[in-house]
Amino acid sequence: MYILQPSLFSFEDWLEIDSSDRLPLFFAVLDLQPYASKLRKQSPQGAKPMNREAILRALLAAPLEGISTFTRLHERLARDIRFRYQCGFRIDEAAPSVSTLSRVFSAVVELGLAEKLFIDLVSQCKEASIINGRHLAVDSAAVKSYEKKQPKSKSQETGNANWGAKYDTFGNKLAWFGYKFHLAVDTASELPVALDVTPANVFDGEMAAPLLEHVVTTHGWKIDFVMMDAGYDQVKNYETVRQYGAQAIIAMNKRGEKEPPEGIASDGTPRCTMGYDMVYWGADGDRLKFRCPHAVGKVDCPLGIATCSESNYGMVVKKRITEDIRRYCAPHRGTQNWKLLYNERTAVERCNARLKTNLTANDVHVRGIRKVKTHMFLNAIVLLASALAVNHIERHKKTA
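Cut-off values and rules
- Residues numbered from 1 in each chain as written.
- Predicted model: local features only at pLDDT ≥ 70, side-chain atom pairs only at ≥ 80, totals over all residues.
- Heavy atoms only, no water.
- Helix = DSSP H or I, 4+ residues; strand = E, 2+ residues; numbered from the N terminus.
- Contact = heavy atoms within 4.5 Å.
- Areas by Shrake-Rupley, 256 points an atom, 1.4 Å probe, with all protein chains shown as cover.
- Lys, Arg positive; Asp, Glu negative; His and termini not counted.
- Charge placed at Lys NZ, Arg CZ, Asp CG, Glu CD.
- Phe/Tyr/Trp six-rings, centres within 6.5 Å; stacked < 30°, edge-to-face > 60°.
- Lys NZ or Arg CZ within 6 Å of the ring centre and 35° of its normal.
- Pairing = 2+ DSSP bridges.
- Axes fitted to C-alpha atoms, helices over the stretch in contact; angles between N-to-C directions.
- Buried < 20%, exposed > 50% of the residue type's maximum accessible area, 1.4 Å probe, protein only.
- Parallel < 35°, antiparallel > 145°, perpendicular 65-115°, else oblique.
- Nonpolar A, V, L, I, M, F, W, Y, C, P; charged D, E, K, R; others polar.
- Arc of directions from axis to C-beta.
- Core = buried A, V, L, I, M, F, W, Y, C linked by side-chain atoms within 4.5 Å.
- pLDDT = per-residue confidence, 0-100.

Let us now look at the overall build of the protein. Across its full length, the protein carries 14 helices and nine strands. Here the C-alpha coordinates of the protein stretch approximately 90 × 60 × 35 Å along the principal axes. Of the contacts formed within the protein by residues at least 6 apart in sequence, a portion of 66% connects residues at least 24 apart. About 19600 Å² of surface is accessible on the protein, with carbon and sulfur atoms providing 49% of the total. Looking at the protein, you have 54 positive and 45 negative side-chain charges, and the mean spots of the two groups are 4 Å apart.

Pasting the structure below:
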């Protein structure tokens with residue numbers, strides 16, 4: 001039986017902890033020295049540079065503290081001695097200037113340090129059994145740009161922000177100029193395990209394969225199920241998931257779809273000679289089994305069982321998933337188990353909400369896709385490090 005897993009930690013409760021108490025717990029699980037060492041100035045000439053590890057800590061503390069600009073981060077460091085000290089600066093040391101913070105952030109972008117730290121933290125969460133990794137959910141979210149709006153033709157030349165559009169739950173078309181961030185989330189912990197950023201015009205369905213490839217090639221995990229909404233309902237996405245030995249659980253997008261082949265419902269359920277939908281009766285590997293609905297008491301067929309089968313068991317139809325991997329899956333579409341699995345997709349929605357509402361993913365003040373991507377990775381790192389911190393607290397309570 002497939003059971004929807006609850007979140008292993010409450011990020012909202014974590015945010016309720018006072019900032020001065022939360023930051024030491026947050027930094028205690030982060031070993032930033034290997035990353036900060038790559039930011040240090042190699043030349044012995046010139047003035048002694050500021051503590052790069054402390055600046056990196058400040059850049060990570062910023063999303064957790066709801067700070068979205070270098071100016072506001074500088075002001076917080078300048079006026080809050082405790083915050084400055086907890087980030088690793090000496091009390092008698094001046095706060096880094098806005099230009100210094102911006103310069104170090106640019107170095108983080110150039111060296112790809114945020115992505116490296118993200119990958120390492122995902123592995124740490126897996127080793128700590130916070131992340132399960134067997135069930136993933138994939139989705140995207142819109143991010144408005146800090147850049148000047150441009151015509152579509154010019155935006156496509158830059159490869160940065162572009163115009164995107166989507167429909168809300170009421171069918172209204174919403175347009176924005178900016179980006180999309182794409183997430184693969186572990187449904188057990190609601191934590192991100194893969195992330196990418198594209199211009200807003202990139203179609204969601206194009207990004208599922210790269211995200212899954214990242215998870216499998218980087219971490220080598222065995223995935224069982226991948227949940228996606230109707231925006232990913234493309235044969236190539238089913239094929240990609242199947243390539244990794246998993247089953248795609250994707251809502252069907254029936255917009256513009258033709259009538260299904262004769263003898264089956266739109267979801268792939270075979271119909272008996274009387275036109276009734278047959279009843280899914282389990283799977284044996286890639287073979288799905290369907291039984292006569294009259295034989296299992298789902299309908300009262302006027303012809304009974306005898307017309308279709310000589311056995312009291314009733315007529316049986318078997319279908320291979322490979323006949324139509326979009327329609328057929330195990331468990332079969334519409335069954336209780338399929339619905340339970342699909343409901344796990346809300347994990348990625350909650351992860352998106354935390355990044356955009358509780359952190360600063362929705363408040364971008366940097367320009368260019370590489371910097372925006374780094375901004376998103378820093379926010380995702382906060383979620384992972386917070387989970388590790390809470391896990392450390394819980395383990396300490398059990399051993400105390």
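A330 connects to P331 through a cis peptide bond whose omega is 5°. Along the chain, P331 turns up in the loop between β9 (316-320) and α12 (336-343). The backbone phi angle of S129 is positive, close to 65°, even though this residue is not glycine. For S129, the location among the structural elements is in the loop between α8 (113-127) and β1 (135-144). The phi dihedral of E190 falls on the positive side, at around 60°, and the residue is not glycine.

In this section: the packing of aromatic side chains. Aromatic ring pairs are reported here in terms of the distance separating the ring centres and the angle at which the planes meet. Scanning all chains against the criterion turns up six aromatic pairs. Against the face of F27 rests R57, its NZ or CZ located 4.1 Å from the ring centre.

With antiparallel pairing, three strands are arranged side by side in an open sheet as β7-β8-β9. At either end of the open sheet lies a strand with only one pairing partner, and these are β7 (279-284) and β9. Put simply, the sheet's adjacent strands are angled 25° from each other on average, direction ignored. Where β7 lies against strand β8 (residues 287-291), four bridges are found, and the strand directions are antiparallel.

This brings us to the environment of L101. For L101, the location among the structural elements is in helix α7 (residues 98-111). Since its relative accessible area comes to 0%, L101 is described here as buried. It is 31 Å that separates the C-alpha atoms of L101 and I393, two residues lying 292 residues apart in sequence. When sequence neighbours within four positions are dropped, the list of residues in contact with L101 reads I55, L59, F70, L73, H74 and P96.

It is worth spelling out the packing of helix α10 (residues 208-219) against helix α11 (residues 235-243) at this point. Direction vectors running N to C along α10 and α11 enclose 10°, while the axes themselves pass 10 Å from each other. The angle between α10 and α11 falls in the class roughly parallel. Facing α10, whose interface residues are A208, A209 and L212, α11 presents N237, T240 and V241. Classifying every residue of the contact of α10 with α11 gives four nonpolar, two polar and no charged.

In this section: the pairing of strand β4 (residues 191-199). Burial within β4 is extensive, with nine of its nine residues counted as buried. As judged from the eight bridges shared by strand β3 (residues 173-186) and β4, these two strands associate in the antiparallel manner. Note on β4: the bridge partner recorded for D186 is L191. The antiparallel hairpin formed by β3 and β4 contains four residues in its connecting segment, where E190 sits at a positive phi of about 60°.

This part is about the environment of L59. For L59, the location among the structural elements is in helix α4 (residues 52-64). Remark: the alpha-carbon pair of L59 and N379, spanning 320 residues in sequence, is separated by 9.9 Å. Among all residues touching L59, those that are not within four sequence positions of it are F70, L73, L101, V104, F105 and L378.

Time to look at helix α5 (residues 70-79). When α5 is considered as a whole, its buried residues turn out to be F70, L73, R76 and L77. Projected down its long axis, α5 carries its buried residues within an arc of 125°, all on one side. In this structure, the buried side of α5 is in contact with α2 (19-28), α4, α6 (81-86) and α7.

Before going further, it helps to examine the nonpolar core. The biggest cluster of nonpolar side chains holds 115 residues, and the ones touching the most others in it are F26, L30, L73, F181 and M376. Per-element accounting of this core gives the leading share, 14 residues, to helix α14 (residues 369-399). For M376, the contacting residues outside a window of four places in its chain are V143, F181, L195, V197, A361 and V364.

Chain-level pLDDT for the protein is 89 on average; 94% of the residues reach the 70-or-more range. The weakest mean pLDDT in the protein belongs to helix α9 (residues 152-158) at 74; the strongest belongs to strand β5 (residues 225-228) at 98. Low pLDDT, under 50, characterises residues 1-8; the predicted model gives this stretch 20 contacts beyond four residues in sequence or across chains. Note that residues 42-47 has pLDDT below 50 and, in this model, three contacts with residues that lie over four places away or in other chains.

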